[in-house]
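Okay, here's what each chain looks like letter by letter:
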Amino acid sequence: MSLSRSDGAAGAARAIAALLVLGALAYSAWVLEAVLGTGLDPFRTYVSELAAVDQPFGGFFRASDLTAGLLVLAAAVTALWGTRRATEGPRRLVLAGWGALALFGAATAVDSRLPLSCAPTDDPACAAREAAGLVPATHTAHAASSTLAVAAALAAMLLLTLAARRHRAWTPIARTGPALVALELAATVWTLAAVAAFEAGRGTWALGAGQRLQVLLVAVWLAVLAVSVVRERP
């Protein structure tokens, strides 16, 4: 894919890069928990618990997730429109990668509209209600949309990194992408293991730290992708 063959394409590349950077920033809004005083332990709790209905800053974090999802979705759709006729070789990977990123953005936006009602890792009463099935259906729906978002993010990272390396383009992603993908996979395994431990009553295994690393790596990768897109050459 080449977005710099014309002034219009160069403008599209800048627009995509700007949307990606803004999306990455919005997706990183959780770091503000350090100064907002949420009362949740970042080493133990889900990131999504910051946006729970009963949390003092829940509305802010739900809005930031919605914004992040819509920005990334807009960037991916814009990129897909520009590469819709590319079908051969690595370009198929580009199309698939942008498609996965669009799915990530959409799932993240939907996820923000399906908040948890309470924070199960912080509130034993909430955990007990969740185990007994006495919480709103949004808990189950949130788990599904979150899983879809993570899977789509991983797919986008892998496909676009692979495309950059095969197509010998997007140098920042081609160079750093493999390490970011490997770290993201490790953080995902950590998070999944910690979730399983928590649900089995064996503690949290620093669930919050693992998931925050997972989310941070996605944001970093989005920023690197933005730099790669804006530097693209024919």
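These remarks concern the structure in this document.

Conventions used here
- Residues numbered from 1 in each chain as written.
- Predicted model: local features only at pLDDT ≥ 70, side-chain atom pairs only at ≥ 80, totals over all residues.
- Heavy atoms only, no water.
- Helix = DSSP H or I, 4+ residues; strand = E, 2+ residues; numbered from the N terminus.
- Buried < 20%, exposed > 50% of the residue type's maximum accessible area, 1.4 Å probe, protein only.
- Disulfide = S-S within 2.5 Å.
- Phe/Tyr/Trp six-rings, centres within 6.5 Å; stacked < 30°, edge-to-face > 60°.
- Salt bridge = Lys/Arg side-chain N within 4 Å of Asp/Glu carboxyl O.
- 1 Å grid on protein atoms, 1.4 Å probe; cavity = no way out; pocket = protein on both sides within 12 Å on 5 of 7 lines; lining within 4 Å.
- Points joined across faces, edges and corners; volume = space filled by probe spheres on them.
- Nonpolar A, V, L, I, M, F, W, Y, C, P; charged D, E, K, R; others polar.

**Quick word on unusual backbone geometry**
Most peptide bonds adopt trans geometry, and most residues besides glycine take a negative phi value.
Here comes step 1: The phi torsion at R168 lies on the positive side, around 55°, for a residue other than glycine.
Here comes step 2: Counting through the fold element by element, R168 comes out in the loop between α6 (138-167) and α7 (171-199).
Here comes step 3: Looking at R168, the relative accessible area reads 81%, which means it is exposed.
Here comes step 4: Positive phi values are uncommon outside glycine, yet A206 reaches one of about 55°.
Here comes step 5: If you trace the backbone, A206 turns up in the loop between α7 and α8 (207-230).
Here comes step 6: Judged by relative accessible area, which is 28%, A206 ranks as partly exposed.

**Describing the state of the cysteines**
Here comes step 1: Tallying each qualifying case throughout the model produces one disulfide.
Here comes step 2: Disulfide pairing is shown between C118 and C126; the S-S distance is 1.9 Å. The S-S bond linking C118 to C126 shows a torsion near 75°; that makes this disulfide right-handed. C126 carries the same exposure label as C118, and that label is buried.

**Describing the environment of L25**
Here comes step 1: Assignment of secondary structure puts L25 in helix α1 (residues 7-27).
Here comes step 2: Of the residues examined, L25 reaches a relative accessible area of 57% and is grouped as exposed.
Here comes step 3: Placed 194 residues apart in sequence, L25 and A219 show a C-alpha to C-alpha distance of 7.3 Å.

**Side note on the packing of aromatic side chains**
Here comes step 1: For the coordinates displayed, the defined rule picks out three aromatic pairs.
Here comes step 2: Taking the centre distance of 5.4 Å and the plane angle of 85° together, the rings of Y27 and F104 count as edge-to-face. Here Y27, found in helix α1, pairs with F104, found in helix α4 (residues 90-112); they are 77 residues apart in sequence, far enough to count as distant. Here Y27 and F104 have matching classes, each one buried.
Here comes step 3: Where F60 meets F61, the ring centres are 5.1 Å apart and the plane angle is 70°; that geometry is what we call edge-to-face.
Here comes step 4: Relative accessible area serves as the criterion here: at 39%, F60 is assigned to the partly exposed category.

**A closer look at the pattern of salt bridges**
Here comes step 1: Per the stated rule, a full pass over the model turns up one salt bridge.
Here comes step 2: Linking R212 and E33 is a salt bridge whose minimum nitrogen-to-oxygen distance equals 2.8 Å. Of this pair, R212 sits in helix α8 while E33 is found in helix α2 (residues 33-36), placing the two residues 179 residues apart along the sequence.

**Quick word on the layout of surface pockets**
Here comes step 1: Taken as a whole, the largest pocket spans an internal volume of roughly 990 Å³.
Here comes step 2: Together, 40 residues line the largest pocket, and Y46, S48, H142, S146 and Q211 are the ones closest to its centre.
Here comes step 3: Elements with a contribution of two residues or more to the lining of the largest pocket: α1, α3 (58-82), α4, α5 (124-131), α6, α7 and α8.
Here comes step 4: The dominant element in the lining of the largest pocket, judged by the number of residues it contributes, is α6, at nine residues.
Here comes step 5: Considered class by class, the residues forming the lining of the largest pocket number 23 nonpolar, twelve polar and five charged.

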